[in-house]
Amino acid sequence: MAMLDTETGEVLEKTLQHEGEKVREFYSALPRPVQVGIEATGSMLWFLNLMEELGIDSQVGHPAKIRAAEPRKQKHDRRDADLLLKLLMENRFPSIWMPSKELRDLRALLCHRHQWVRTRTRVQNALQAMALTNGLRRGKSLWSQEGQHAIASLPLGPHAAHRRTALQALYRELDADINALDKRVLEQALERPEARRLMTHPGVGPVTALATDVFLGDPVRFENAKALASYVGMIPSEYSSAGRQRLGGLSKQGNPLLRFLWCEAAIHAVRRDPLLQRFYRRKLVQKGMGKARVAVARKLGIRLYIMLRDQIDYEEFCRRGQMRQKNGAARAGIPEVGYGPSL
């Protein structure tokens, strides 16, 4: 690490070993006030929790912007520490927003549920393939009690039968765990007024509402809807020069779970919201199913962002959109003249 004594102007360097209580003892002995800057990494939460416990102001820096501030090709721990200190001294440290402990804990709940859902889907695919291989075509009814009894009755070899029994037991266990997690998510969503407000939108359930609330955090930190779409990664990558524009696939720079949930919720919202349905059908003809789903998911995400930012429910959102349409005002998001409320 690199340190600056603001009273004497002395710059010091020190190497700390993460063993025992050495880190805690070092930072506890520093005279206050202290400001710490750290580059964002996947294993930094323990350090941030320690700084919060000791009452030390800590800032987390954007790795790409920190690296862009140093043009030299030499990169090692000593140079990195000097660069972080230099950015702090010059008030150029690229701080990023960090969620609170409560939001991080709710994120863990959502990620845990999503991981279990993905595992259950893999188990279901394996059982479905086993059933089809042996001539059992049940479709979705395979997961009913009768369907599970039918697959359990298939004449299989000893090893295949053991695999079937293990998969069925794992499926029942995962299904019970996911149902319990769904109840916990619903309880947490009902306790948060922002999530309850988002659940008033057609097609948005407790999982999507809670995920939008905890992954976006304070909506005021986004300048506009375009900044939100860029943050989530639902904008096309671009490599343009001169008069030629080159657009690629989605940037996917944001949270993958939030993008996935928005795309899933968008299909349900299309069936219940006539304006989204009209938009989806138009994009379906113009761009095809894949791009149409992403476009509707982006539109839905911007709607949820506006509901969070303005603290309004779905009914008030539609009323404002109708008023803006009558007044001929410009609308946020993709301009679709003559179609429904503001995004």
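Throughout, a residue's number is its position along its own chain's written sequence, starting from 1. Where totals are concerned, whole chains, interfaces and linings use all residues; where local detail is concerned, this predicted model gives features only for residues with pLDDT of at least 70, and gives and counts side-chain atom pairs only at 80 or more. In computing side-chain values, all of the structure's heavy atoms are included and hydrogens and water are not.

1. Section: the overall build of the protein
Counting from the N terminus, the helices are DSSP H or I runs at least four residues long and the strands are E runs at least two residues long. Assigned secondary structure in the protein consists of 14 helices and 6 strands. For the radius of gyration, the atoms used are the C-alpha atoms, and the globule rule reads 2.2 Å times the number of residues raised to 0.38. Relative to the 2.2 N^0.38 estimate, which gives 20 Å for 343 residues, the radius of gyration of the protein is 26 Å and therefore markedly larger than a compact globule would have. In terms of overall dimensions, the protein has a C-alpha envelope of 80 × 65 × 45 Å along the principal axes. Every residue pair with non-hydrogen atoms within 4.5 Å of one another is taken to be in contact. Contacts in the protein between residues at least 24 apart in sequence constitute 53% of all its contacts with a sequence separation of at least 6. Computed by Shrake-Rupley with a 1.4 Å probe, the accessible areas treat only the displayed protein chains as cover when residues are assessed. Carbon together with sulfur atoms contributes 51% to the accessible area of the protein, which is approximately 20,600 Å² in total. Here the positive residues are Lys and Arg and the negative ones are Asp and Glu; neither His nor the chain ends is included. Charge positions come from single atoms, namely NZ of Lys, CZ of Arg, CG of Asp or CD of Glu. Side chains of the protein carry 55 positive and 37 negative charges; the gap between the two charge centres is 12 Å.

2. Quick notes on the pattern of salt bridges
We count a salt bridge whenever a side-chain nitrogen from Lys or Arg sits within 4 Å of a carboxyl oxygen from Asp or Glu. A complete count under the given rule lists 17 salt bridges for this structure. Close ionic contact of Asp182 with Arg113 constitutes a salt bridge, the shortest N to O distance being 2.5 Å. On the criterion of sequence distance, the pair formed by Asp182 in helix α7 (residues 158–191) and Arg113 in helix α5 (residues 101–133) is long-range, its members being 69 residues apart. Residue class for Arg113 comes out buried when judged on its relative accessible area of 16%. Exposure categories follow from relative accessible area, calculated using a 1.4 Å probe and restricted to protein chains: below 20% of the type maximum is buried, above 50% is exposed, and the middle band is partly exposed.

3. Looking at the nonpolar core
Core analysis: the biggest nonpolar cluster contains 48 residues, and Leu110, Leu216, Leu228 and Trp262 have the highest contact counts within it. The element contributing the most residues to this core is helix α13 (residues 289–310), with 11 residues. Beyond its immediate stretch of four places on either side in the chain, Leu228 contacts Leu216, Phe222, Trp262, Gly301, Ile302 and Tyr305. Ranked by size, the runner-up nonpolar core spans 16 residues in total, among them Met51, Leu54, Ile56 and Val60. Buried residues of nine kinds, namely Ala, Val, Leu, Ile, Met, Phe, Trp, Tyr and Cys, make up a nonpolar core once their side-chain atoms join them within 4.5 Å.

4. Comments concerning the pairing of strand β3 (residues 35–39)
Here β3 shows one buried face, formed by Val36 and Ile38, and one open face, formed by Gln35, Gly37 and Glu39. Sheet topology places β3 next to strand β4 (residues 57–61); 5 bridges connect them, and they run parallel. Residue pairing in the sheet places Gln35 in a bridge with Asp57 of β4. Crossover handedness is defined by viewing with both strands directed away from the observer: a clockwise path from the first strand over the helix to the second marks the crossover as right-handed. Following the chain from β3 across helix α2 (residues 45–54) to the adjacent parallel β4, one finds a crossover that is right-handed. Paired strands, in this sense, are two strands between which DSSP finds at least two bridges.

5. Quick look at the side chain of Gln128
Turning to its location among the elements, Gln128 is positioned in helix α5. Those residues in contact with Gln128 that sit more than four places away from it in its chain are Gly139, Leu142 and Trp143.

6. Focus: unusual backbone geometry
Residue Pro33 follows Arg32 across a cis peptide bond; omega there is 0 degrees. Looking at where Pro33 falls in the secondary structure, it is placed in the loop between α1 (22–28) and β3. The phi dihedral of Asn91 is positive, around 55 degrees, even though this residue is not glycine. Tracing the chain through its elements places Asn91 in the loop between α4 (77–89) and α5.

7. Focus: helix α10 (residues 225–232)
Taken together, the buried positions of α10 are Ala225, Leu228, Ala229 and Val232. The buried residues of α10 occupy one face: seen down the axis, they fall within an arc of 95 degrees. Where the residues of α10 are buried, they touch α9 (206–216), α11 (256–272) and α13. Between a side-chain oxygen at the N-terminus of α10 and the backbone nitrogen of Lys226 the separation is 3.2 Å; the capping residue is Asn224. Here the arc refers to the directions that run from the helix axis out to each C-beta atom. Two N or O atoms count as a polar contact when they lie within 3.5 Å, although within protein this holds only if one can serve as hydrogen donor and the other as acceptor, and sequence-adjacent residues are included solely when both atoms are side-chain atoms.

8. Let's talk about the packing of α11 against helix α12 (residues 274–287)
Packing of α11 against α12 brings their axes to within 6 Å, and their N-to-C directions diverge by 110 degrees. Judged by the inter-axis angle, α11 sits roughly perpendicular to α12. Remark: the crossing between α11 and α12 carries left-handed chirality. Note on element contacts: α12 touches α11 through Pro274, Leu276, Gln277 and Tyr280, opposite Ala269, Val270, Arg271 and Arg272. Under the convention adopted here, Pro, Cys and the residues Ala, Val, Leu, Ile, Met, Phe, Trp and Tyr are nonpolar, Asp, Glu, Lys and Arg are charged, and Gly plus all remaining residues are polar. Looking at the contact of α11 with α12 residue by residue, the class counts come to 5 nonpolar, 1 polar and 2 charged. Note on geometry: axes are lines fitted to C-alpha atoms, helical ones only across the stretch in contact, with angles between N-to-C directions running from 0 to 180 degrees. Here is the rule for angles: anything less than 35 degrees is roughly parallel, anything more than 145 is roughly antiparallel, 65 through 115 is roughly perpendicular, and the remaining ranges are oblique. A crossing counts as left-handed when the near helix is turned anticlockwise from the far one by less than a right angle, and as right-handed when that turn is clockwise.

9. Section: the packing of aromatic side chains
Within 6.5 Å between ring centres, the rings of Phe, Tyr and Trp (the latter by its six-membered ring) count as paired, and their orientation is classed by plane angle as stacked under 30 degrees, edge-to-face over 60, tilted in between. For the coordinates displayed, the defined rule picks out 6 aromatic pairs. Ring geometry for Trp143 versus Tyr171: centroids 5.2 Å apart, planes at 35 degrees, classification tilted. Of the two residues, Trp143 sits in the loop between α5 and α6 (145–152) while Tyr171 sits in helix α7, which places them 28 residues apart along the sequence. Taking the relative accessible area as the measure of exposure, Trp143 reaches 22% and is therefore partly exposed. Note on Tyr171: relative accessible area 9%, which makes it buried. Of the aromatic side chains, those joined through ring pairs into one cluster are Phe26, Tyr27, Trp46 and Phe47.

10. Considering the environment of Pro99
Locating Pro99 in the fold gives a position in the loop between α4 and α5. When its relative accessible area of 9% is taken as the criterion, Pro99 is described as buried. Spatially, the C-alpha atom of Pro99 lies 29 Å from that of Arg120, the residues being 21 residues apart in sequence. Not counting the four nearest positions on each side in its chain, Pro99 is found in contact with Arg104 and Arg107.

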